[in-house]
Amino acid sequence: MTRRRFKLTVVAPLLVGLLLAFVFTVVLIANTRIGDKITNQSIETSGRAIVSTSSGPLFNSLYHLDVDTISIMLHRLVKGPNIVHVVVRDRTGQTVAEVTGGWAPQERVSHELALEALAQRGIVQREIGQYIVLSAPIAAGPQQIGTLGIAFDPAAPRALFSATFKRIYFVMIPLFIGFLLLVIVLTRYITKPIQTLTAAAEEIRGGNLDAQVPVRGAEEIAVLGNALELMRTQLKGVYSGLEQSVAERTADLSAVNKELEAFSYSVSHDLRAPLRSIDGFSQALLVDYADKLDADGKDYLRRVRAASQRMGQLIDDMLNLSRVTRTEMRRETVDLSSLAHTIAAELLKAQPEHDVTFAIEPGLVANGDERLLRVALENLLGNAWKFTGKRPQAR
């Protein structure tokens with residue numbers, strides 16, 4: 001499965017752009033909610049202040065039922081920022097004077113708010129559509145003689161708040177573009193030297209210890225390049241030392257093999273001469289003195305010849321074994337069971353007086369060099385034969 005590789009110069013600006021886009025989206029969504037909340041809080045605070053400062057002057061006019069004065073005061077109030085309706089009611093909830101600046105709540109709602117303010121002896125507030133309506137008692141001390149109701153339209157403050165945010169957006173967009181370009185420039189300045197170092201590291205990993213490591217870029221990247229170059233130099237030194245050591249050991253091993261081969265040839269030559277004599281004289285006895293030897297004598301001579309010939313084969317196998325590191329093994333399918341039976345028969349024929357029973361699993365097959373496997377089995381079975389020599393019956 002192929003691993004996907006992403007360039008930092010692409011990923012970093014993309015992540016930054018997505019992050020800033022997410023921030024802009026969150027700000028845009030929160031704009032309306034935050035603006036509404038701030039506007040409502042501001043209107044509520046200013047409305048309570050207006051109601052508190054106006055209830056005192058209105059008390060005397062309402063107490064004497066001076067409707068003209070009350071109307072003048074209400075006209076002044078309705079000219080205030082965001083105020084669209086003002087009304088003064090008596091303590092029964094009946095309208096005394098009312099001025100509308102574009103919108104007025106339903107009579108029933110306004111009446112309920114007035115009675116609720118009188119019952120709670122304080123300011124009550126209610127949102128009706130986009131408008132905020134306040135109602136407060138007109139009182140002097142514990143005496144309440146009516147209520148003052150004011151309706152506010154928060155649309156203008158909200159529009160101002162939205163306009164402010166739009167200005168902020170127009171300022172942030174070029175900042176975002178500039179920041180994005182800065183990120184691209186910085187990432188290219190950082191990642192290009194890193195990519196060069198990566199390519200050099202790949203060369204070294206592939207075995208090219210002569211690859212030069214560039215040491216340039218920012219301070220941290222230069223430190224990394226120096227460390228990689230030092231590692232390359234050390235690896236090259238170690239590799240050269242290993243090559244020299246392997247060459248020396250190979251030369252020593254070759255010399256030892258040559259000495260061993262010369263020794264093997266010398267030993268085999270010294271052993272072959274008497275073996276040939278034993279085999280030759282045994283054959284001469286069988287041919288020239290056959291009429292003078294009984295059956296046992298002939299059998300003994302045949303055993304002597306077989307043993308000498310087998311010894312010659314062992315010498316040949318020893319020579320082949322000494323050259324096993326230099327010659328290719330002849331791998332073939334070998335019947336180990338048959339080979340073991342042959343070796344057992346030779347041992348029994350050499351010493352028939354030794355009562356030994358061989359337990360050989362039939363059908364054992366191996367893949368290898370038949371001569372070397374024969375030598376191994378002869379050593380194993382021969383050692384077992386020797387160690388059971390003193391037992392009357394062995395298995």
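None of the values given here were measured: they were computed from a predicted structure. (Residues numbered from 1 in each chain as written. Predicted model: local features only at pLDDT ≥ 70, side-chain atom pairs only at ≥ 80, totals over all residues. Heavy atoms only, no water.)

Turning next to empty space enclosed by the protein. Applying the stated criterion across every chain yields a total of 1 cavity of 30 Å³ or more. Of the pockets and cavities examined, the largest cavity occupies roughly 50 Å³. Every residue along the wall of the largest cavity is listed here: His85, Val87, Arg89, Pro105, Ser110, Leu113, Ala114, Val133, Leu134, Ser135, Thr147 and Gly149. Elements supplying a minimum of two residues to the lining of the largest cavity: β1 (83-90), α3 (107-120), β4 (131-140) and β5 (143-152). Grouping the amino acids of the lining of the largest cavity by side-chain chemistry returns 6 nonpolar, 5 polar and 1 charged. (1 Å grid on protein atoms, 1.4 Å probe; cavity = no way out; pocket = protein on both sides within 12 Å on 5 of 7 lines; lining within 4 Å. Points joined across faces, edges and corners; volume = space filled by probe spheres on them. Helix = DSSP H or I, 4+ residues; strand = E, 2+ residues; numbered from the N terminus. Nonpolar A, V, L, I, M, F, W, Y, C, P; charged D, E, K, R; others polar.)

Relative to the 16 Å expected for 12 residues at 1.5 Å per residue, helix α2 (residues 67-78) spans 16 Å between its end C-alpha atoms, a close match to the ideal helical length. The complete set of buried residues in α2 reads Ile70, Met73, Leu74, Leu77 and Val78. Buried positions in α2, seen along its axis, are confined to an arc of 135° and lie on one side of it. Seen from the open side of α2, the exposed residues pointing more than 90 degrees away from its buried face are Asp68 and Arg76. (Expected span 1.5 Å × (residues − 1). Buried < 20%, exposed > 50% of the residue type's maximum accessible area, 1.4 Å probe, protein only. Arc of directions from axis to C-beta.)

The topology assignment puts Gln144 in strand β5. Polar side-chain contacts of Gln144 include one of 3.2 Å to the backbone oxygen of Leu118. When residues no more than four places from it in sequence are discounted, the contact partners of Gln144 are Arg91, Ala117, Leu118, Arg121, Pro137, Ile138 and Ala139. (Polar contact = N/O pair within 3.5 Å; in protein donor to acceptor, adjacent residues only side chain to side chain. Contact = heavy atoms within 4.5 Å.)

Looking at the secondary structure, you find His85 in strand β1. In this structure His85 comes out as buried when scored by relative accessible area, which is 2%. Among the polar contacts listed, one links the side chain of His85 to the side chain of Glu98, at a separation of 2.6 Å. Those residues in contact with His85, other than ones at most four positions away along the chain, are Val78, Glu98, Val99, Thr100, Gly101, Trp103, Ala104, Pro105, Gly149, Ile150 and Ala151.

Next up on the list: the pattern of salt bridges. Per the counting criterion, the structure on display carries 9 salt bridges. With a shortest N-O distance of 2.0 Å, Arg310 and Glu378 are connected by a salt bridge. Here Arg310 is found in helix α6 (residues 295-322), whereas its partner Glu378 is found in helix α8 (residues 370-387), with 68 residues between them in sequence. Of the residues examined, Arg310 reaches a relative accessible area of 17% and is grouped as buried. One continuous salt-bridge network, built from bridges that share partners, spans Arg108, Glu112, Glu116 and Arg126. (Salt bridge = Lys/Arg side-chain N within 4 Å of Asp/Glu carboxyl O.)

Our next topic: the layout of surface pockets. Considering only enclosed or pocket space, the largest pocket measures out at about 800 Å³ in volume. Lining the largest pocket are 23 residues, and of these Arg310, Leu314, Glu346, Leu347 and Ala350 sit closest to its centre. Within the residue set of the lining of the largest pocket, elements represented by two or more residues are α6, α7 (336-350) and α8. Looking at which element gives the most residues to the lining of the largest pocket, the answer is α6, with 9 residues.

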